[in-house]
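Below, each chain spelled out in residue letters.
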Amino acid sequence: MSLPCFSDRVRSLARSLICIGALLVCGCASTGSLPDGQRGAGGDPAASDVPPRARALFDQAASFLAAGDFTEAELRFEQFLLQFPDYPGAYVNLALIYARDGGEAATRSALDAALAIDPEFAPALNQLGLLHRRHGRFHDAEAAYLKAVTVSPEYALAHYNLGVLNELYLQRLDAALEHFKQYQELAGGDRQVEKWIADLKRRVAADRRAANLADGQS
């Protein structure tokens, strides 16, 4: 692949990561951090146990974040946590806000708070992986993503980020292909990822042919 095409691909991946962040924000109000009976002890309570005021306040904060009003969203999530401190998703959303401003220490602190409540909270592990990746700690990023998909195999975003990490940073095309395929199976309907899968299949096949040819000549 030529350098200009690779640059376009990186920019496209970056845009997709921004969109995925938005999906996480929007999902937190219903299935990400206040889920309907999907978390057990140590995580968020079942929907029947969520106080209506908690859900209303969370939804309000998430709406400001989705609209791009980060200052108001930060204030709302902080106010939410003063009243309802046991919801890890609120800390994850604060981490998203802090990460936008480049605050590594604040981002890590928010994620640590989420994981102290629930060490297996996949959105927090996914964001921890993103934090490590942004600062060049690629193997730490991989460990966080892998833990996310281990504790929550259907958490598609971590598979997506494993695909990005393996292709662009670790140069493991086979692993990238497998994680993009798993993401597509779980999330479905992403035409851009479908194109990446087709491209990776061609590149993996070409690498294998080249390796077989080299073995035959040795």
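As shown above, the structure is provided for reference.
Structural notes, computed from the coordinates. (Residues numbered from 1 in each chain as written. Predicted model: local features only at pLDDT ≥ 70, side-chain atom pairs only at ≥ 80, totals over all residues. Heavy atoms only, no water.)

1. Quick notes on the overall build of the protein chain
Tallying secondary structure elements over the protein chain gives 10 helices and 0 strands in all. Helices and strands in the protein chain line up, N terminus first, as α-α-α-α-α-α-α-α-α-α. Restricting to contacts in the protein chain with at least 6 residues of sequence separation, those with at least 24 account for 54%. Roughly 11,000 Å² of accessible area belongs to the protein chain as shown, and the carbon and sulfur atoms make up 54% of that amount. (Helix = DSSP H or I, 4+ residues; strand = E, 2+ residues; numbered from the N terminus. Contact = heavy atoms within 4.5 Å. Areas by Shrake-Rupley, 256 points an atom, 1.4 Å probe, with all protein chains shown as cover.)

2. Observations concerning the environment of Leu157
The topology assignment puts Leu157 in helix H8 (residues 156-169). Here Leu157 falls in the buried class, since its relative accessible area comes to 12%. Sequence separation of Leu157 and Leu186 is 29 residues, and the distance between their C-alpha atoms is 9.3 Å. (Buried < 20%, exposed > 50% of the residue type's maximum accessible area, 1.4 Å probe, protein only.)

3. Some words on the pattern of salt bridges
Across all of its chains, the model carries 10 salt bridges by this definition. As a salt-bridge pair, Arg100 and Asp101 come within 3.4 Å of each other at their nearest N and O atoms. For the pair shown, Arg100 and Asp101 are each scored as exposed. Between Arg202 and Asp199 there is a salt bridge whose closest N-O contact spans 3.9 Å. Here Arg202 and its partner Asp199 are both found in helix H10 (residues 191-217), 3 residues apart, which amounts to about one turn of the helix. On the basis of relative accessibility, which here comes to 55%, the residue Arg202 falls in the exposed class. In this structure Asp199 comes out as buried when scored by relative accessible area, which is 14%. Three or more residues joined by partner-sharing salt bridges are found here, namely Glu167, Asp199, Arg202 and Arg203. (Salt bridge = Lys/Arg side-chain N within 4 Å of Asp/Glu carboxyl O.)

4. Quick look at the packing of aromatic side chains
Enumeration according to the criterion identifies 10 aromatic pairs in this entry. Aromatic pair Phe58 and Phe80: ring centres 5.4 Å apart, planes at 80 degrees, arrangement edge-to-face. Note that Phe58 is positioned in helix H2 (residues 52-66) and Phe80 in helix H3 (residues 70-83), a separation of 22 residues in sequence. Accessibility classification places Phe58 together with Phe80 in one group, the buried group. Residues Phe84 and Tyr87 carry aromatic rings whose centres are separated by 6.2 Å and whose planes lie at 80 degrees to one another, so their mutual orientation is edge-to-face. With a relative accessible area of 6%, Tyr87 lands in the buried category. Put simply, the rings of Phe58, Phe77, Phe80, Phe84 and Tyr87 touch in pairs and so form one group of aromatic residues. (Phe/Tyr/Trp six-rings, centres within 6.5 Å; stacked < 30°, edge-to-face > 60°.)

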